[in-house]
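Coordinate analysis (summary)
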Amino acid sequence: METRPLQIPLTEETVRSLKLGQTVLLSGTLYTARDAAHKYLAGGDAPPPLPKGVNLQGGVLYHCGPVMVQEKDGSWRVTAAGPTTSAREEPYQAEVLRRFGVRALVGKGGMGEKTRKALAQYGAVYLSAVGGAAQVLAASVLRVPSVAFLEEFGSPEAMWTLEVKDFPAIVTMDAWGNSLHEQILERTRPQA
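Notes on the structure in this doc start here. (Residues numbered from 1 in each chain as written. Predicted model: local features only at pLDDT ≥ 70, side-chain atom pairs only at ≥ 80, totals over all residues. Heavy atoms only, no water.)

As for the overall build of the protein chain
For the protein chain, the helix and strand inventory stands at seven helices and nine strands. Computed over the C-alpha atoms, the radius of gyration of the protein chain is 16 Å, within 12% of the 16 Å expected from 2.2 N^0.38 for a compact globule of 192 residues. Taken along the three principal axes of its C-alpha coordinates, the protein chain extends 60 × 40 × 35 Å. For the protein chain, the residues scored as buried account for 47% of the 192 residues in total. Of the contacts made within the protein chain by residues no fewer than 6 positions apart, 63% connect residues no fewer than 24 positions apart. (Helix = DSSP H or I, 4+ residues; strand = E, 2+ residues; numbered from the N terminus. Rg over C-alpha atoms; globule rule 2.2 N^0.38 Å. Buried < 20%, exposed > 50% of the residue type's maximum accessible area, 1.4 Å probe, protein only. Contact = heavy atoms within 4.5 Å.)

Given below as structure tokens:
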């Protein structure tokens, strides 16, 4: 299977064409989102207002708390950007997909049944990034245009806007309800 370059924002047609196990290279704008951001985005009876400059339609959410350094001129630089465990976002993820039209999630470890069904229903994919390669992944970040919720949530939980080029990931949950994580779990279960 060929590595597929993908330009963000993504269309439903594009993500539905991706196959389990396919390597992709993301270029464009992605947003980091951990527990506090997911709770905010999924909370309340109606979608909350997005921070200025954040557009999740066709977007990519990265389950990541990057290590950031603020330069003397006030700009930010990423020194490490490894994925965090995605299962923590399971209570919120389906609602975030429904509300905002997100087309891809990036993290590690896969997600649960509720998210698997939402990926199929709303036309999105889950991409696994390699854990333990935080500095390598940070090298694909070209710049950090903005940050939201820094004061409210703190640096690891803030929503960082990252412009990336050729950010590598693997499709491990597709837009049709298939999960490589589940397939591996089934194959490795002891037979009774």
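Concerning the nonpolar core
It is characteristic of soluble globular proteins that their nonpolar side chains tend to be buried jointly. Among the nonpolar cores identified, the biggest contains 31 residues, and Tyr62 and Leu127 are the most heavily contacted of them. Contributing elements (two or more residues each) for this core: strand S2 (23-32), strand S3 (60-62), strand S6 (104-107), strand S7 (125-128), helix H5 (134-138), strand S8 (141-148) and strand S9 (159-173). Here this core gets six residues from one element, more than from any other, and that element is S9. Not counting chain neighbours up to four residues away, the residues in contact with Leu127 comprise Val24, Leu26, Ala104, Leu105, Val106, Gly107, Ala169, Ile170, Val171 and Thr172. Listed in part, the 23 residues of the second largest apolar core include Tyr31, Ala118, Tyr126 and Met159. (Core = buried A, V, L, I, M, F, W, Y, C linked by side-chain atoms within 4.5 Å.)

Details of helix H2 (residues 35-42)
Of all the residues in H2, the buried ones are Ala37, His38, Leu41 and Ala42. Axial view of H2: buried residues confined to an arc of 120°, hence all on one face. Where the residues of H2 are buried, they touch S3, helix H3 (90-100), helix H6 (150-153) and S9. Backbone geometry just downstream of H2 places Gly44 in the positive-phi region, at approximately 75°. (Arc of directions from axis to C-beta.)

Side note on the pairing of S9
For a regular strand, side chains alternate in direction, first toward one face of the sheet and then toward the other. Here S2 pairs with S9 via eight bridges, running antiparallel. Bridge pairing in S9 links Thr23 to Ile170. One ladder, built from three bridges, connects S7 with S9; its direction is antiparallel. Among the inter-strand pairings, Ser128 is bridged to a residue of S9, identified as Ile170. Where S8 meets S9, five bridges bridge the pair, whose relative direction is antiparallel. Looking at the pairing, Val141 lines up with Val164 of S9. (Pairing = 2+ DSSP bridges.)

Some details on the pattern of salt bridges
Per the stated rule, a full pass over the model turns up 10 salt bridges. Between Glu95 and Arg98 there is a salt bridge, with the nearest N and O atoms lying 2.6 Å from each other. Here the residue Glu95 and the residue Arg98 both occupy positions in helix H3, the gap between them amounting to three residues, near one helical turn. Here Glu113 and Arg116 are joined by a salt bridge, their closest N and O atoms 2.3 Å apart. Here Glu113 and its partner Arg116 are both found in helix H4 (residues 113-122), three residues apart, which amounts to about one turn of the helix. Among the charged side chains, a salt-bridge network with shared partners connects Glu12, Arg16 and Arg103. (Salt bridge = Lys/Arg side-chain N within 4 Å of Asp/Glu carboxyl O.)

Overview of the packing of H2 against H3
With their axes 9 Å apart at the nearest point, H2 and H3 run at an angle of 55° to one another. If you check the angle between H2 and H3, you find them oblique. For H2 against H3, the interelement crossing comes out left-handed. Of the residues in H3, those in contact with Asp35, His38, Lys39, Leu41 and Ala42 of H2 are Tyr92, Gln93, Glu95, Val96, Arg99 and Phe100. (Axes fitted to C-alpha atoms, helices over the stretch in contact; angles between N-to-C directions. Parallel < 35°, antiparallel > 145°, perpendicular 65-115°, else oblique. Left-handed = near helix turned anticlockwise from the far one by under 90°.)

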